[in-house]
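Each chain, written out:
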Amino acid sequence: ATLAFARADDLSCISTTFNVLSPNDKVCVTYFDDPKVPGVTCHVSQARKGGWGQPFGLNEDPSNFALACRQVGPINVDISTLTDDEEVFTEKTSIIFKATRIYRMLDKKHNTLVYIGVSSRIVSGSPANSISSVPIMPWGSH
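Residues numbered from 1 in each chain as written. Predicted model: local features only at pLDDT ≥ 70, side-chain atom pairs only at ≥ 80, totals over all residues. Heavy atoms only, no water.

1. Details of the nonpolar core
- One finds Val40, Ile102, Leu113 and Tyr115 to be the most contacted residues of the largest nonpolar core, which totals 19 residues.
- For this core, the secondary structure elements donating two or more residues are strand S3 (40-48), strand S4 (65-71), strand S5 (86-92), strand S6 (99-107) and strand S7 (112-123).
- Beyond its immediate sequence surroundings of up to four residues, Ile102 is in contact with Phe32, Val44, Leu67, Glu86, Glu87, Val88, Phe89, Tyr115, Ile116 and Gly117. (Core = buried A, V, L, I, M, F, W, Y, C linked by side-chain atoms within 4.5 Å. Buried < 20%, exposed > 50% of the residue type's maximum accessible area, 1.4 Å probe, protein only. Helix = DSSP H or I, 4+ residues; strand = E, 2+ residues; numbered from the N terminus. Contact = heavy atoms within 4.5 Å.)

The following block contains the structure:
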C-alpha cells in the first residue's frame, strides 16, 4: 500500500498575546486536501507558542486544535476502496515528538467520511481530539 500524506499550507495566524521583546503567541489556520479523496479539504486551527524559540521551531506548541473538513468539489471515489482508519495527515508540533495526526474513518452505512484529529500528547489521561464528518453529496448544478 502506498502511503499518501497531505501537505498543509498556512492560511493565516491571529496573535493571541502581545510579547514586547519576542514573537507573539498565536492561533494559526492551515488547510490540506485529502490525498486520496479529491473534493475534500480540511482546515485545522492550532495554538502556537510565541517566544524566541518560535522562529527556530523549538517551542512546544499546545495540544489545542480544532478540525473542520468539508466537501469542496465532486467526490468520485468509491469509499469501499478506501482503507478504514487511514492516517491522512500528520504535523509535528514540537521537537519533543508531539504530533497532531488526522485519520480518515469510513461510515459506509451513511456514505460519510469521518476525520478525527488526535494529539499524541496525553492531557488528563486522554489525548486532545477533534472530529469532522463529510457526507458525500452530489456536486454541481441543481
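2. A word on the sheet that holds strand S1 (residues 9-15)
- The 4 strands are arranged S1-S2-S3-S4 in an open sheet whose pairing can be described as antiparallel. Pairing within the sheet leaves two strands with one partner each, and these edge strands are S1 and S4. In this sheet, neighbouring strand axes are inclined to one another by 15° on average, regardless of whether the strands run parallel or antiparallel.
- Bridge analysis of S3 against S4 gives 7 bridges, and the strand direction is antiparallel. Looking across to S4, one finds that Val44 is bridged to Leu67. (Pairing = 2+ DSSP bridges. Axes fitted to C-alpha atoms, helices over the stretch in contact; angles between N-to-C directions.)

3. A word on the packing of aromatic side chains
- One pass over the structure, following the stated rule, counts 1 aromatic pair.
- An angle of 5° between the planes, with centres 4.6 Å apart, marks the rings of Phe32 and Phe89 as stacked. Taken together, the positions of Phe32 in strand S2 (residues 26-33) and Phe89 in strand S5 put the pair 57 residues apart, joining distant regions of the chain.
- Note on Phe32: relative accessible area 1%, which makes it buried. (Phe/Tyr/Trp six-rings, centres within 6.5 Å; stacked < 30°, edge-to-face > 60°.)

4. With respect to the state of the cysteines
- In total, this model carries 2 disulfides according to the counting rule given.
- Disulfide partner of Cys13: Cys28, at an S-S distance of 2.0 Å. Across the S-S bond of Cys13 and Cys28 the torsion is about 110°, and the bridge reads as right-handed. With Cys13 in strand S1 and Cys28 in strand S2, this pair connects stretches of sequence that are 15 residues apart.
- We classify Cys13 as partly exposed; its relative accessible area is 29%.
- The connectivity of the disulfide-linked cysteines in the protein chain, indexed sequentially, is 1-2, 3-4. (Disulfide = S-S within 2.5 Å.)

5. Details of the pattern of salt bridges
- Under the counting rule described, the total for this entry stands at 4 salt bridges.
- Measuring nitrogen to oxygen at the nearest pair gives 3.0 Å for the salt bridge that ties Glu86 to Arg104. Of this pair, Glu86 sits in strand S5 while Arg104 sits in strand S6, and the two are 18 residues apart along the sequence. Across the pair, Arg104 and Glu86 agree in class, each one buried.
- In this structure, Arg101 and Glu87 form a salt bridge, with 3.4 Å as the shortest nitrogen-oxygen distance. Of this pair, Arg101 sits in strand S6 while Glu87 sits in strand S5, and the two are 14 residues apart along the sequence. (Salt bridge = Lys/Arg side-chain N within 4 Å of Asp/Glu carboxyl O.)

6. Remarks on unusual backbone geometry
- If you check the backbone angles, Asp85 has positive phi at about 60° while not being a glycine.
- Residue position: Asp85 is located in the loop between S4 and S5.
- One non-glycine residue, Asn111, adopts positive backbone phi at about 50°.
- One can find Asn111 in the loop between S6 and S7.
- We classify Asn111 as partly exposed; its relative accessible area is 35%.

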